[in-house]
Amino acid sequence: MKISILTATYNRAQLLDKLYASILINSNNCPEVQLEWLVMDDGSTDNTRRIVEEYCKENLIDVKYFHQENQGKMTAINNLIKETTGDLIVECDSDDFFTKDAFKIIVQSLQECKDMGETYALVFLKYTKDGQNMGNNFIENDYPSTMFDLYFKNGITGEKALVYNASIRKQFEYKLEHDEKFVTEARLHHEMDLKYQVRCFNKPIMICEYQKEGYTKNISKLFTTSPFGYYNYFKEIFNQDMHGVTFKKRLYVYKHYILFSVLTKEKHPIKNVNGIINKIMVSFLCHLHDFIITQQKVKENTFCIELVLIFEIK
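Note that the structure is predicted; figures quoted are calculated from it, not measured. (Residues numbered from 1 in each chain as written. Predicted model: local features only at pLDDT ≥ 70, side-chain atom pairs only at ≥ 80, totals over all residues. Heavy atoms only, no water.)

So, about the overall build of the protein. Helix and strand counts for the protein come out as twelve helices and nine strands. Looking at the protein as a whole, 53% of its 314 residues are labelled buried. Across the protein, the fraction of contacts at a sequence separation of at least 24, relative to all contacts at a separation of at least 6, is 79%. (Helix = DSSP H or I, 4+ residues; strand = E, 2+ residues; numbered from the N terminus. Buried < 20%, exposed > 50% of the residue type's maximum accessible area, 1.4 Å probe, protein only. Contact = heavy atoms within 4.5 Å.)

Here we come to the side chain of serine 261. Structurally, the position occupied by serine 261 is in helix 10 (residues 247–263). When its relative accessible area of 5% is taken as the criterion, serine 261 is described as buried. Look past the residues within four positions of serine 261 in its chain and what remains in contact with it is Tyr231, Glu266 and Pro269.

This brings us to the packing of helix 9 (residues 227–237) against helix 10. The N-to-C vectors of helix 9 and helix 10 enclose an angle of 140°; their axes lie 9 Å apart at closest approach. Viewed along their axes, helix 9 and helix 10 form a crossing whose handedness is left-handed. Contacts between helix 9 and helix 10 involve Pro227, Tyr230, Tyr231, Phe234, Lys235 and Ile237 on the former and, on the latter, Tyr252, Val253, His256, Tyr257, Phe260, Ser261 and Leu263. Partitioned by chemical class, the residues of the contact of helix 9 with helix 10 number ten nonpolar, two polar and one charged. (Axes fitted to C-alpha atoms, helices over the stretch in contact; angles between N-to-C directions. Left-handed = near helix turned anticlockwise from the far one by under 90°. Nonpolar A, V, L, I, M, F, W, Y, C, P; charged D, E, K, R; others polar.)

To continue, consider the packing of helix 7 (residues 185–193) against helix 9. Interhelical geometry of helix 7 versus helix 9 gives an angle of 30° and a closest axis separation of 10 Å. Relative to helix 9, the element helix 7 lies roughly parallel. Handedness of the helix 7/helix 9 crossing: left-handed. Only Gly229, Asn232, Tyr233, Glu236 and Ile237 of helix 9 make contact with helix 7, whose side of the interface consists of Ala186, Arg187 and His190. Grouping the constituent residues of the contact of helix 7 with helix 9 by class yields three nonpolar, three polar and two charged. (Parallel < 35°, antiparallel > 145°, perpendicular 65-115°, else oblique.)

In terms of residue burial, helix 3 (residues 73–81) counts as a mostly covered element, since eight of its nine residues are buried. For helix 3, the full list of buried residues reads Lys73, Met74, Thr75, Ala76, Ile77, Asn78, Leu80 and Ile81. Tucked into the core, helix 3 has its buried residues touching strand 1 (2–9), strand 2 (34–41), strand 3 (62–67), strand 4 (88–91), helix 6 (166–169) and helix 7.

This part takes up the pairing of strand 3. Looking at chain direction, strand 2 and strand 3 are connected through six bridges and run parallel. Paired with aspartate 41 across the bridge in strand 3 is histidine 67. With respect to chirality, the unit in which strand 2 leads through helix 2 (residues 48–58) into the neighbouring parallel strand 3 is right-handed. (Pairing = 2+ DSSP bridges. Right-handed = clockwise from strand over helix to strand, strands pointing away.)

So, on to the pattern of salt bridges. Using the criterion set out here, one finds 19 salt bridges in the structure. One salt bridge connects aspartate 96 with lysine 126, and the closest N-O pair in it is separated by 3.0 Å. Of this pair, aspartate 96 sits in strand 5 (residues 96–98) while lysine 126 sits in strand 6 (residues 119–128), and the two are 30 residues apart along the sequence. Exposure class is identical for aspartate 96 and lysine 126. Each is buried. Among the ionic pairs, aspartate 149 bridges to lysine 153, the shortest N-O distance being 3.3 Å. Among the residues examined, aspartate 149 registers a relative accessible area of 23% and is labelled partly exposed. Look at lysine 153 and you get partly exposed, because its relative accessible area is 23%. Salt bridges here are not isolated pairs; linked through shared partners, they connect Lys2, Glu36, Asp62 and Lys64. (Salt bridge = Lys/Arg side-chain N within 4 Å of Asp/Glu carboxyl O.)

We now examine the packing of aromatic side chains. Under the definition given, this model contains 16 aromatic pairs. Ring centres of phenylalanine 124 and phenylalanine 201 lie 5.6 Å apart, and the angle between their planes is 20°; on these two criteria the pair is classed as stacked. Highlighted residues: phenylalanine 124 in strand 6 and phenylalanine 201 in strand 9 (residues 197–208), separated in sequence by 77 residues. In this structure, phenylalanine 124 and phenylalanine 201 share a single accessibility class: buried. Three or more aromatic residues joined by ring pairs make a cluster, and in this case those are Phe148, Phe152, Phe182, Tyr230, Tyr233, Phe234, Tyr252 and Phe260. (Phe/Tyr/Trp six-rings, centres within 6.5 Å; stacked < 30°, edge-to-face > 60°.)

Spanning 14 residues, helix 1 (residues 16–29) covers 20 Å between terminal C-alpha atoms, matching the ideal 20 Å at 1.5 Å per step. All of the buried residues in helix 1 are Leu16, Leu19, Tyr20, Ser22, Ile23, Leu24 and Asn26. (Expected span 1.5 Å × (residues − 1).)

Structure follows, in structure tokens:
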């Protein structure tokens with residue numbers, strides 16, 4: 001079995017040693033697994049190229065260096081996917097690294113599944129460097145589900161680590177809108193959910209160390225720089241099976257759908273909504289939006305912030 005590890009990196013040369021070391025540890029702990037590490041340098045201006053090329057020269061594992069002009073993480077991963085040769089694919093950010101027994105856990109979990117078949121990914125836990133779960137546990141081990149159901153119906157929270165079935169993952173890519181550089185990974189997952197499923201395991205395989213300039217730390221900025229991607233993400237949620245989705249989660253979808261319809265200046269947001277209940281709720285909130293704009297004469301971006309605060313779901 002072969003695992004392809006994909007890393008998109010931009011000016012984070014100082015972080016790569018920790019990720020590289022974790023891959024080497026796993027390679028020694030799980031020699032039956034063949035590895036390749038594909039690194040896409042997303043237009044870095046630091047010494048990323050020199051460091052990764054040193055890894056290549058060491059020849060301890062199969063490391064491949066690629067370079068592109070700065071286009072963002074999603075385009076970088078889309079380009080790396082085309083170069084993979086593994087049976088499994090795992091995306092690992094440059095500020096993440098693997099637990100020492102990560103690949104053993106992956107192999108054992110795959111054996112429990114026997115055959116991935118229509119499973120597009122094995123889903124594992126992610127921990128902080130302090131050993132804290134970044135969300136909560138799954139209902140049970142080897143639990144079949146979809147990523148949509150996990151977060152919108154089963155009460156799962158926090159980031160997880162996905163190990164993809166390469167034969168399925170390579171059929172999909174991150175869809176970017178209007179030359180935006182970012183889109184939430186959930187949009188890709190929800191697209192795959194329509195045909196396939198995931199299997200969930202309550203074991204950590206990845207450690208995360210968020211950086212100040214990272215995507216997660218700057219989510220508010222991403223909302224304004226990538227509104228079209230987010231608008232399409234929330235619009236596509238209406239194509240999912242909404243039965244069993246709690247009212248709070250529905251409200252979360254409604255408010256963000258309207259937020260991004262405003263930011264993208266979408267003229268017909270209600271027309272793009274599937275389901276009579278969803279149409280009624282979006283229509284009501286859109287009229288509420290028009291009322292506040294008329295009464296208070298606030299700017300659109302100010303209203304968007306206020307709307308999120310009014311309907312915020314903790």
